[in-house]
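# Structural description and commentary
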Amino acid sequence: MNEKEIKQHFPILDQQVNGNQLVYLDSAATSQKPTAVIEAIDDYYRRYNSNVHRGVHTLGTLATDGYEGARDKVRAFIGAKQREEIVFTRGTTTALNLVASSYARDNLTAGDEIVITPMEHHSNIIPWQQVARLTGATLKYIPLQPDGTIDLADVEETITDKTKIVSVMQVSNVLGTINPVKEIGEIAHRAGAIMVVDGAQSTPHMKVDVQELNCDFFAFSAHKMCGPTGIGVLYGKKELLEKMEPIEFGGEMIDFVGLQESTWKELPWKFEGGTPIIAGAIGLGAAIDFLEQIGRDEIEKHETELADYAMEKLAEVEGITIYGPHHPKKRAGLVTFNVSDVHPHDVATVLDSQGIAVRAGHHCAQPLMKWLDVTATARASFYLYNTKEDVDALVAGLVKTKEYFGDVF
């Protein structure tokens, strides 16, 4: 894998920011888009923009083929059995809310348990809080080890015969922790619970096979994997999706509408009310083609090497605290850190003045920030287009940041 050649596929990276070459280290928030994806979306709008499914004219047929073709690509990309198990949503958040609002509210009652972890993104906490509030179910948390990993013994202790739903992120967007979701799912299933996986931070960076994981639901977003914003995917086992009711009603998702009653289309369309995200799906399909051409094993290997290199170099800078597991097999391609006596927002601002883009804040993970005993952190996240030179620029930028604030104070 030649990351320098790959970088040439991303036009946004070829620019100066604040007088310096852009170093983009914020892919966990959103990835950049290759020319192939940009051109696929542009081609749709220029050449065959049309609504899907109902039109019999040529443009409508081309649009439908592009939209439904993207569904087939997603099915293959994550190893689902059937295309009916792939539901297009607005993103991971919408997908998780769909499970919470449709499946959970209809299947949970007072005394039931929902089990998650303190490291979850807000989009995998708040929906379950709302379900607990509305149903009387109890929300429980699997404790974390000191390095931010999960011990399966704690999972066994937390999940009981009252547990109905377990929902865990496969990769932490803060700690980089790779969670053993397959093993957690096995424990959940033995207890009679379903397993929900937030794959927002895993799907872009490693090979995912939902059948191997044997999860019941799996959610992810296109914009973190070289695709456009505004579209994501909910995978669900067909037998579960068939029993669930839609939560959005209107055009596209109906079979028959009478004056007093209506019936729904079959899967997956009963969950895709309204004009769907056509250009987004086509862009997602192009992103999948791009990633498959490079190879997800190669991408994962490259990012692991970058993260290891970054941790090694950052450890040489006095006053930097790195969060999360240090073992390369336990973490993904991001490094979250703080610089002593400097607020993360100030760190990010000074880095930005040098053309280096990192994320600073609570990363939509305030319970985890409380567990870490910090208000915020800085995060550098890597993707297939990043290089060791980018890491070197980050380290040099942090040295300058320390020097700057040393002079100030």
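Before reading further, recall that the structure is shown in the block above.
Residues numbered from 1 in each chain as written. Predicted model: local features only at pLDDT ≥ 70, side-chain atom pairs only at ≥ 80, totals over all residues. Heavy atoms only, no water.

A separate point is the sheet that holds strand β17 (residues 377-381). With antiparallel pairing, four strands are arranged side by side in an open sheet as β13-β14-β17-β16. Since the sheet does not close on itself, it has two edges, and those belong to β13 (320-323) and β16 (359-361), each with one partner. Here the average twist between neighbouring strands, direction ignored, is 30°. Pairing analysis gives three bridges linking β16 to β17, with the strands arranged antiparallel. The residue of β17 that forms the bridge with Ala 360 is Ala 378. Its contacts with the sheet place helix α11 (residues 296-315) against β13 and β14 (334-339), and it is angled at close to 15° to β14. (Pairing = 2+ DSSP bridges. Helix = DSSP H or I, 4+ residues; strand = E, 2+ residues; numbered from the N terminus. Axes fitted to C-alpha atoms, helices over the stretch in contact; angles between N-to-C directions. Contact = heavy atoms within 4.5 Å.)

Looking now at the pattern of salt bridges. Taken as a whole and assessed by the stated rule, the structure comprises 17 salt bridges. For Arg 54, the salt bridge goes to Glu 252, with nearest N and O atoms at 2.8 Å. Residue Arg 54 is located in the loop between α2 (35-47) and α3 (58-78), and its partner Glu 252 is located in the loop between α9 (238-243) and β11 (254-257); the two are separated by 198 residues in the primary sequence. As a salt-bridge pair, Lys 265 and Glu 252 come within 3.9 Å of each other at their nearest N and O atoms. Residue Lys 265 is located in the loop between β12 (262-264) and α10 (278-294), and its partner Glu 252 is located in the loop between α9 and β11; the two are separated by 13 residues in the primary sequence. Residues joined by salt bridges that share partners form a network here, namely Glu 68, Arg 71, Asp 72, Arg 83 and Glu 272. (Salt bridge = Lys/Arg side-chain N within 4 Å of Asp/Glu carboxyl O.)

All right, on to unusual backbone geometry then. A cis geometry characterises the amide bond from Leu 267 onward to Pro 268, with omega recorded as 0°. With a phi angle near 75°, Glu 252 is a residue other than glycine that sits in the positive phi range. Look at Glu 252 and you get buried, because its relative accessible area is 6%. A positive phi is found at Asp 341, a non-glycine position, where the angle reads about 70°. (Buried < 20%, exposed > 50% of the residue type's maximum accessible area, 1.4 Å probe, protein only.)

On to the packing of aromatic side chains, then. In total, this model carries ten aromatic pairs according to the counting rule given. Each ring, one from Phe 249 and one from Trp 264, has its centre 5.4 Å from the other, and the planes form 45°; the classification is tilted. Residue Phe 249 is located in the loop between α9 and β11, and its partner Trp 264 is located in strand β12; the two are separated by 15 residues in the primary sequence. Residue class for Phe 249 comes out exposed when judged on its relative accessible area of 54%. Taking the relative accessible area as the measure of exposure, Trp 264 reaches 28% and is therefore partly exposed. Joined through ring pairs, the aromatic side chains of Phe 10, Phe 290, Tyr 383 and Tyr 385 make up one cluster. The lysine or arginine in question, Arg 296, covers the ring of Phe 77, its NZ or CZ lying 3.8 Å from the ring centre. When the ring centre of Tyr 309 is taken as reference, the NZ or CZ atom of Lys 388 above it lies at 5.1 Å. (Phe/Tyr/Trp six-rings, centres within 6.5 Å; stacked < 30°, edge-to-face > 60°. Lys NZ or Arg CZ within 6 Å of the ring centre and 35° of its normal.)

This part takes up the side chain of Arg 296. When you line up the elements, Arg 296 lands in helix α11. The exposure class of Arg 296 is buried, given its relative accessible area of 7%. In this structure, Arg 296 is in contact with Phe 77, His 205, Met 206, Lys 207, Val 208 and Leu 291, ignoring residues within four places of it in sequence.

To continue, consider the pairing of strand β5 (residues 113-116). Alternating positions in β5 separate into two faces, Glu 113 and Val 115 on one and Ile 114 and Ile 116 on the other, with burial throughout. Where β5 meets strand β6 (residues 138-141), four bridges bridge the pair, whose relative direction is parallel. By the bridge assignment, Glu 113 is partnered in β6 with Thr 138. The parallel pair β5 and β6, bridged by helix α5 (residues 126-135), forms a crossover whose chirality is right-handed. Both β5 and strand β7 (residues 163-169) contribute to a ladder of three bridges, which runs parallel. Across the sheet, residue Ile 114 finds its bridge partner in β7, namely Ile 165. (Right-handed = clockwise from strand over helix to strand, strands pointing away.)

With that settled, the discussion passes to α3. Relative to the 30 Å expected for 21 residues at 1.5 Å per residue, α3 spans 31 Å between its end C-alpha atoms, a close match to the ideal helical length. Just downstream of α3, Gly 79 is the residue with a positive phi angle, here 75°. (Expected span 1.5 Å × (residues − 1).)

Right, let's talk about the nonpolar core for a bit. One finds Ile 78, Phe 88, Val 166, Phe 218, Leu 291 and Leu 384 to be the most contacted residues of the largest nonpolar core, which totals 72 residues. The biggest single contributor to this core is α10, with ten residues. Membership of the second largest hydrophobic core comes to 29 residues, among which are Ile 322, Val 339, Val 358 and Phe 382. (Core = buried A, V, L, I, M, F, W, Y, C linked by side-chain atoms within 4.5 Å.)

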